[in-house]
Amino acid sequence: QVQLVESGGGLVQPGGSLRLSCAASGSIFRLGTMGWYRQAPGKQRELVATITSEGITNYADSAKGRFTISRDNAKKTVHLQMNSLKPADTAVYYCNIEGFSFTWKKSIYWGQGTQVTVSS
């Protein structure tokens, strides 16, 4: 059984910063790509940022220059540092992890979501 626990969401003023964290626990032999997605009310879930096991990052255009994704393989965690936040960043943020079993079977795991609200 694999669990993802997210933390770090909350209410912040425009221009402020938040750091999201997601920790994986359970039987994952090796981590693949890890990422963050978000879903605003009435909109589809969208990619925010991903980071491969080699550390290669990819960002949505809306996140470039403001957000930084990082990972700690030993602790099975992925972080999203969000700076210069805008009201348009308001959404539920979900972490997403690609995990491999001992037999290299790939599974995709989602966190429960953490609310980020940017408002004055």
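This write-up is about the structure you can find in this document. (Residues numbered from 1 in each chain as written. Predicted model: local features only at pLDDT ≥ 70, side-chain atom pairs only at ≥ 80, totals over all residues. Heavy atoms only, no water.)

All right, on to the overall build of the chain then. A tally of helices and strands in the chain yields zero helices and 11 strands. Computed over the C-alpha atoms, the radius of gyration of the chain is 14 Å, within 12% of the 14 Å expected from 2.2 N^0.38 for a compact globule of 120 residues. Scored against the burial criterion, the 120 residues of the chain give a buried share of 42%. In the chain, 55% of the contacts between residues at least 6 apart in sequence involve partners at least 24 apart. When the accessible surface of the chain is split by element, carbon and sulfur atoms take 50% of a total near 6500 Å². Charged side chains in the chain number 13 positive and 7 negative. The centres of these two groups are separated by 2 Å. (Helix = DSSP H or I, 4+ residues; strand = E, 2+ residues; numbered from the N terminus. Rg over C-alpha atoms; globule rule 2.2 N^0.38 Å. Buried < 20%, exposed > 50% of the residue type's maximum accessible area, 1.4 Å probe, protein only. Contact = heavy atoms within 4.5 Å. Areas by Shrake-Rupley, 256 points an atom, 1.4 Å probe, with all protein chains shown as cover. Lys, Arg positive; Asp, Glu negative; His and termini not counted. Charge placed at Lys NZ, Arg CZ, Asp CG, Glu CD.)

On to the state of the cysteines, then. Scanning all chains against the criterion turns up one disulfide. Two residues share a disulfide in this structure: C22 and C95, whose sulfurs sit 2.0 Å from each other. Pair noted here: C22 is in strand β3 (residues 18–26) and C95 is in strand β9 (residues 91–100), with a separation of 73 residues, a long-range link. With relative accessibility at 1%, the residue C22 sits in the buried group. (Disulfide = S-S within 2.5 Å.)

With that settled, the discussion passes to the side chain of E98. Within the secondary structure layout, E98 lies in strand β9. With relative accessibility at 17%, the residue E98 sits in the buried group. Apart from residues lying up to four places away in sequence, E98 is in contact with R30, L31, G32, T33, K106, S107 and I108.

On to the environment of N58, then. Following the sequence through the fold, N58 ends up in strand β6 (residues 57–59). Discounting chain neighbours no more than four positions away, the residues touching N58 are L47, V48, A49 and T50.

Take the packing of aromatic side chains next. Under the defined criterion, the tally for this structure stands at four aromatic pairs. With centroids separated by 5.7 Å and ring planes inclined at 85 degrees, the aromatic side chains of F29 and W104 adopt a geometry described as edge-to-face. Pair noted here: F29 is in the loop between β3 and β4 (30–39) and W104 is in the loop between β9 and β10 (106–110), with a separation of 75 residues, a long-range link. Taking relative accessible area as the criterion, W104 reaches 48% and is therefore assigned partly exposed. On the basis of an interplanar angle of 65 degrees and a centroid distance of 5.1 Å, the ring pair of Y37 and W110 is categorised as edge-to-face. With Y37 in strand β4 and W110 in strand β10, the pair connects residues that are 73 residues apart, well separated along the chain. (Phe/Tyr/Trp six-rings, centres within 6.5 Å; stacked < 30°, edge-to-face > 60°.)

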